[in-house]
Amino acid sequence: MRTPMRTPRRTARTAAALLAVIALAAGCSSSGGKDDEDTSGDGGGGGKGVDTPRLKIAMVTHSGEGDTFWDIVQSGAKQAARKDNVDFLYSNDKEAKGQAELVQSAIDKKVDGIVVTLAKPEAMKAVLGKAEAAGIPVVTINSGGEFSADFGALSHIGQDESVAGEAVGDELNKRGKKKALCVIHEQGNVSLEQRCAGVKKTFKGSVANLNVQGTDAPGSQSSISAKLQATKDIDAVVTLGAPIAAYSVKAKEDAKSKAEVDTFDLNAEVVKRLKAKEVGFAVDQQPYLQGYLAIDELWLYKTNANVLGGGKPVLTGPAIVTGKDVPKLEKYTARGTR
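Everything quoted here is computed from the prediction, not taken from an experiment. (Residues numbered from 1 in each chain as written. Predicted model: local features only at pLDDT ≥ 70, side-chain atom pairs only at ≥ 80, totals over all residues. Heavy atoms only, no water.)

1. Quick notes on the overall build of the chain
Part 1: Within the chain one finds 12 helices and 12 strands.
Part 2: Burial analysis of the chain (338 residues in total) assigns 57% to the buried set.
Part 3: Sequence-distant contacts, at least 24 apart, represent 77% of the contacts inside the chain between residues at least 6 apart.
Part 4: Carbon together with sulfur atoms contributes 51% to the accessible area of the chain, which is approximately 13,800 Å² in total. (Helix = DSSP H or I, 4+ residues; strand = E, 2+ residues; numbered from the N terminus. Buried < 20%, exposed > 50% of the residue type's maximum accessible area, 1.4 Å probe, protein only. Contact = heavy atoms within 4.5 Å. Areas by Shrake-Rupley, 256 points an atom, 1.4 Å probe, with all protein chains shown as cover.)

Right under this line is the structure:
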């Protein structure tokens, strides 16, 4: 994989890289897009691991229904939970209010740590203040990294979304693209907006944003197809999540467009489409690593007062993935760890 030339906070990234080998040693699959809390035995704490006291750690995300990205995050978290003797509790709500309520529920259960996403940060500020007041350590992952420290979190694990967007803009330039459509599948999500803004910053052509409802596959496909039919000179469709890439490939076919579909995030289907040349490139932020490191950090903090990255963001991406990388990625995406 080619890593974008702009790699800020290298010290933090090194910290993540040192643990990546451990994180990729084994993986497990899970069902995704669940609205209910997952406390099943295969989810956390099973098997032999460390002999430290058993901990209870909750992960609360903004995942919508059926988003396979969060299956991969959970796979990493569950693997770390088994190793670290952790009872892993997962819950999600795509609505900010619902997500905040789930965090409050975790506080009420007196968990030993909380992992949370900050897609809509202002909605999470008050409840994370309550977690801090209750003495519950928090690690943020995936989104809203710039708010993490202000909200009292130990650290943030993920990619710098602006830098990731800039890497996409650079890649589009290399491919000679002139007009891009950036598809935002969740309005109000600060990370998605940062990605499109990053693309605009470095792309020498023009970029137009299109908002769709990512959990509505037919509606999203129809909206993208209509835009491609109305604007024939769009030569690149940039999607911000792997499932949206699949919709966009179908929309491109419907519109008889020649635009190249490129995407953020990686899963088994994206790898298949890279192999088939239906997707030009993907941006990998290593979601498995985000889940794994978040659980591991809270365990390390509770048992040894460690903080990954010295309190600075721990970067898990971005890396540009193309068809050339398919042979070494297929087996990992098939088992749900990449």
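Continuing now.
2. Structural notes on helix α6 (residues 161-174)
Part 1: Taking 1.5 Å per residue, 14 residues should reach 20 Å; α6 reaches 20 Å between its end C-alpha atoms and fits that length.
Part 2: In terms of burial, α6 is largely enclosed, as 10 of its 14 residues are buried.
Part 3: Between a side-chain oxygen at the N-terminus of α6 and the backbone nitrogen of Ser 162 the separation is 3.1 Å; the capping residue is Asp 160.
Part 4: Phi turns positive, to about 75 degrees, at Gly 176, one or two residues after α6. (Expected span 1.5 Å × (residues − 1). Polar contact = N/O pair within 3.5 Å; in protein donor to acceptor, adjacent residues only side chain to side chain.)

3. Quick word on the sheet that holds strand β2 (residues 86-92)
Part 1: Across the sheet, six strands lie side by side as β2-β1-β3-β4-β5-β11; this open sheet has parallel pairing. Both outer strands of the open sheet, β2 and β11 (314-317), are each paired with one neighbouring strand and no more. Averaged over all adjacent pairs, the angle separating strand axes in this sheet is 20 degrees, with direction ignored. (Pairing = 2+ DSSP bridges. Axes fitted to C-alpha atoms, helices over the stretch in contact; angles between N-to-C directions.)

4. A look at the state of the cysteines
Part 1: Under the defined criterion, the tally for this structure stands at one disulfide.
Part 2: Paired by a disulfide, Cys 182 and Cys 196 hold their sulfur atoms 2.1 Å apart. Handedness of the Cys 182-Cys 196 disulfide follows from its S-S torsion of about -90 degrees: it is left-handed. On the criterion of sequence distance, the pair formed by Cys 182 in strand β6 (residues 179-184) and Cys 196 in helix α7 (residues 190-202) is long-range, its members being 14 residues apart. (Disulfide = S-S within 2.5 Å.)

5. Looking at the packing of aromatic side chains
Part 1: Applying the stated criterion to the full structure yields four aromatic pairs.
Part 2: For the pair Phe 69 and Trp 70, a centre-to-centre distance of 5.0 Å together with 75 degrees between the ring planes defines the contact as edge-to-face. For the pair shown, Phe 69 and Trp 70 are each scored as buried.
Part 3: Relative to Tyr 292, the ring of Tyr 288 lies with its centre 6.4 Å away and its plane at 20 degrees, an arrangement referred to as stacked. (Phe/Tyr/Trp six-rings, centres within 6.5 Å; stacked < 30°, edge-to-face > 60°.)

6. Quick word on the sheet that holds strand β8 (residues 236-239)
Part 1: Judged by pairing direction, the sheet is mixed, and its six strands sit side by side in the order β7-β6-β8-β9-β10-β12 without closing on themselves. Each edge of the sheet is formed by a strand with only one pairing partner; in this case those strands are β7 (206-211) and β12 (319-321). Geometrically, the sheet is characterised by an average inter-axis angle of 25 degrees between neighbouring strands, direction not taken into account.
Part 2: Note: β8 against strand β9 (residues 260-264), four bridges, orientation parallel.

7. Looking at the pattern of salt bridges
Part 1: Going through the model one piece at a time under the given rule, you end up with 16 salt bridges.
Part 2: Among the ionic pairs, Glu 260 bridges to Lys 177, the shortest N-O distance being 4.0 Å. Of this pair, Glu 260 sits in strand β9 while Lys 177 sits in the loop between α6 and β6, and the two are 83 residues apart along the sequence. Residues Glu 260 and Lys 177 agree in their burial class; the two are buried.
Part 3: For Asp 325, the salt bridge identified is with Lys 328, shortest N-O distance 3.7 Å.
Part 4: Overall, the relative accessible area of 7% leaves Asp 325 in the buried class.
Part 5: Among the residues examined, Lys 328 registers a relative accessible area of 44% and is labelled partly exposed.
Part 6: Through salt bridges that share partners, Glu 171, Arg 175, Lys 177 and Glu 260 make up one connected network. (Salt bridge = Lys/Arg side-chain N within 4 Å of Asp/Glu carboxyl O.)

8. Focus: the nonpolar core
Part 1: If you look at the biggest cluster of nonpolar residues, it comprises 29 residues, and the most contacted ones within it are Met 59, Val 115, Ile 141 and Ile 295.
Part 2: Mapped onto this core, the elements with two or more residues apiece are β1 (55-61), α2 (69-84), β2, β4 (138-141) and α11 (287-304).
Part 3: If we skip the residues at most four places from it in the chain, Met 59 touches Val 73, Ala 77, Phe 88, Leu 89, Tyr 90, Ser 91, Val 115, Ile 141 and Gly 291. (Core = buried A, V, L, I, M, F, W, Y, C linked by side-chain atoms within 4.5 Å.)

9. A look at the confidence of the model for the chain
Part 1: Averaged over every residue, the pLDDT of the chain is 88; the share at 70 or more is 86%.
Part 2: Residue range residues 1-47 is modelled with pLDDT below 50. Its contacts to residues more than four positions away, or to other chains, number 110 contacts. (pLDDT = per-residue confidence, 0-100.)

10. Structural notes on helix α4 (residues 125-133)
Part 1: Listed in full, the buried residues belonging to α4 are Val 127, Leu 128 and Ala 131. Summarising the axial view, the buried residues of α4 lie within an arc of 100 degrees, below the 170-degree limit, and thus occupy one face. Exposed and oriented more than 90 degrees from the buried face of α4 are Ala 126, Glu 132 and Ala 133.
Part 2: On its buried face, α4 is in contact with α3 (96-108), β3 (113-117) and β4.
Part 3: Phi turns positive one or two residues past the end of α4, at Gly 135, with a value near 75 degrees. (Arc of directions from axis to C-beta.)

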